[in-house]
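Residue strings, one per chain:
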Amino acid sequence: MCQNLAARRSIGASVAEIVIDPEVPEAARRELEQASLSSLVGFSDPVPGQDPPGDEDDAGPVRQPGARLAAGAIVGVMAVMLGAGLSSAGPFSADLLFLALLIGLPCVTVGGIHLLRKAVGSAQELRGGPWARPGAAVAYRRRYVVPELDLQGDELARWQRASQAARTVRASEAVGLGLINSVEVAAVLPYHLWDIAERLALLSGPGQRQAAILRDLDVSDPDVQVVLGPQRRAHELAVADVERRIERLEGFAALAARADAARKRRRALEELAGLNADYEDLLVRLGDQENALTADGRPAGELRALAAAADEAVRRANEAGRALIIPALVIPPPAG
């Protein structure tokens, strides 16, 4: 918790990257993306508590008896004045009626305003969605990850690799032009990123708490090893699983980059070959009868081979894109 607070201060007013579960509703997603760092809840932080006792919700019932007593006294005075003014035909009866109205009118006005504000507040609560009342940051806790806050050390470095691979895919010309199945890639990529970010956050939180606990223990203690050994083995298995997912994404990004490079080289060579006519004129003027730049010449054959290589790079990247599917939910086997 303290480390998250320190990270918030170090990041300051900069906009931090946030990774959100693709299944979070769009309205809550927009709220999370626009939220300040101070309003977000760390993945491993405890859920913020409710308002402490003594807030205005608790003060209302305390003040109610006093308000009712004052209102009763005013109504009583008004009733006495009205009764005296109506029952008496003396010279002061009109004055008593006027004073009763003068006291009653502000009371009626204040009471009406109070009832109106109460009605408006109730209507606003009814209009708010179920996620709007507690705030999306609390309602969707552990459904989003802020890497700069929730990940440290190796976990943060692993996320940066996954994030860079995703940026490479999104910036790929082959993906943008639809040469690779860009619709499918755009649909499944957020699921892969969330899957990786969530697993890294699940690794990072217990890892920090474990390190803090071990500062007060002798790691070589046999009793400590009985508990620590299985935890470390589980950590290693989880790390290996995340590494496989990141490497799969990095492999696809590398193929997309290779397809882009091959297409770029192909375009450059085609532009270069477009200068052949100019150089043919030079050869004719030199009287050279053996023209190496014709369709049968070696450079033209090399150009065709490079074009074929570019097409093959795009095909391989497209196959890798089809292999990216939404990560399946893995249900662990029942404990024996």
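What you are looking at is a predicted structure, and each value in this text was computed from that prediction instead of being measured.

A. Highlighting unusual backbone geometry. Positioned with a positive phi, Arg142 is a non-glycine residue whose angle comes to about 70 degrees. Looking at where Arg142 falls in the secondary structure, it is placed in the loop between helix H5 (136-139) and strand S2 (144-145).

B. Structural view of the nonpolar core. Ranked by internal contacts, the top residues of the largest apolar core, which has 36 residues, are Trp159, Val169, Ile180, Ile196, Leu200 and Leu249. Among the elements of the structure, helix H7 (153-171), helix H8 (173-176), helix H9 (182-214), helix H10 (222-273) and helix H12 (298-323) are those that each provide at least two residues to this core.

C. A look at the pattern of salt bridges. Under the criterion given, the structure shown has 14 salt bridges. Of the charged contacts, one joins Arg158 and Glu155 as a salt bridge, the two residues approaching to 3.9 Å between their closest N and O atoms. Within this pair, Arg158 and its partner Glu155 are both found in helix H7, separated by 3 residues, close to a single helical turn. Of the two residues, Arg158 and Glu155, neither departs from the other in class, the shared state being buried. Salt-bridge contacts for Arg158 lead to Glu243; the nearest nitrogen and oxygen are separated by 2.9 Å.

D. Structural context of the side chain of Arg158. A residue is classified by how much of its surface remains accessible, and Arg158, at 15% relative accessible area, is buried. Ignoring any residue separated from it by four or fewer positions in sequence, one finds Arg158 in contact with Leu200, Val239, Glu243 and Ile246.

E. Just helix H2 (residues 26-34), in detail. Along H2, the residues classified as buried are Ala28, Arg29 and Leu32. For H2, the buried positions fall inside an angular range of 105 degrees around the axis, keeping them on one side. On its buried face, H2 is in contact with strand S1 (19-20), H5 and S2.

F. Up close: the packing of H9 against H10. Packing of H9 against H10 leaves a shortest axis separation of 10 Å and a crossing angle of 155 degrees. Here H9 is positioned roughly antiparallel relative to H10, judged by the angle of their axes. The crossing of H9 and H10 is left-handed. Residues of the contact of H9 with H10, tallied by class, amount to 15 nonpolar, 4 polar and 6 charged.

What counts and what doesn't
- Residues numbered from 1 in each chain as written.
- Predicted model: local features only at pLDDT ≥ 70, side-chain atom pairs only at ≥ 80, totals over all residues.
- Heavy atoms only, no water.
- Helix = DSSP H or I, 4+ residues; strand = E, 2+ residues; numbered from the N terminus.
- Core = buried A, V, L, I, M, F, W, Y, C linked by side-chain atoms within 4.5 Å.
- Buried < 20%, exposed > 50% of the residue type's maximum accessible area, 1.4 Å probe, protein only.
- Salt bridge = Lys/Arg side-chain N within 4 Å of Asp/Glu carboxyl O.
- Contact = heavy atoms within 4.5 Å.
- Arc of directions from axis to C-beta.
- Axes fitted to C-alpha atoms, helices over the stretch in contact; angles between N-to-C directions.
- Parallel < 35°, antiparallel > 145°, perpendicular 65-115°, else oblique.
- Left-handed = near helix turned anticlockwise from the far one by under 90°.
- Nonpolar A, V, L, I, M, F, W, Y, C, P; charged D, E, K, R; others polar.

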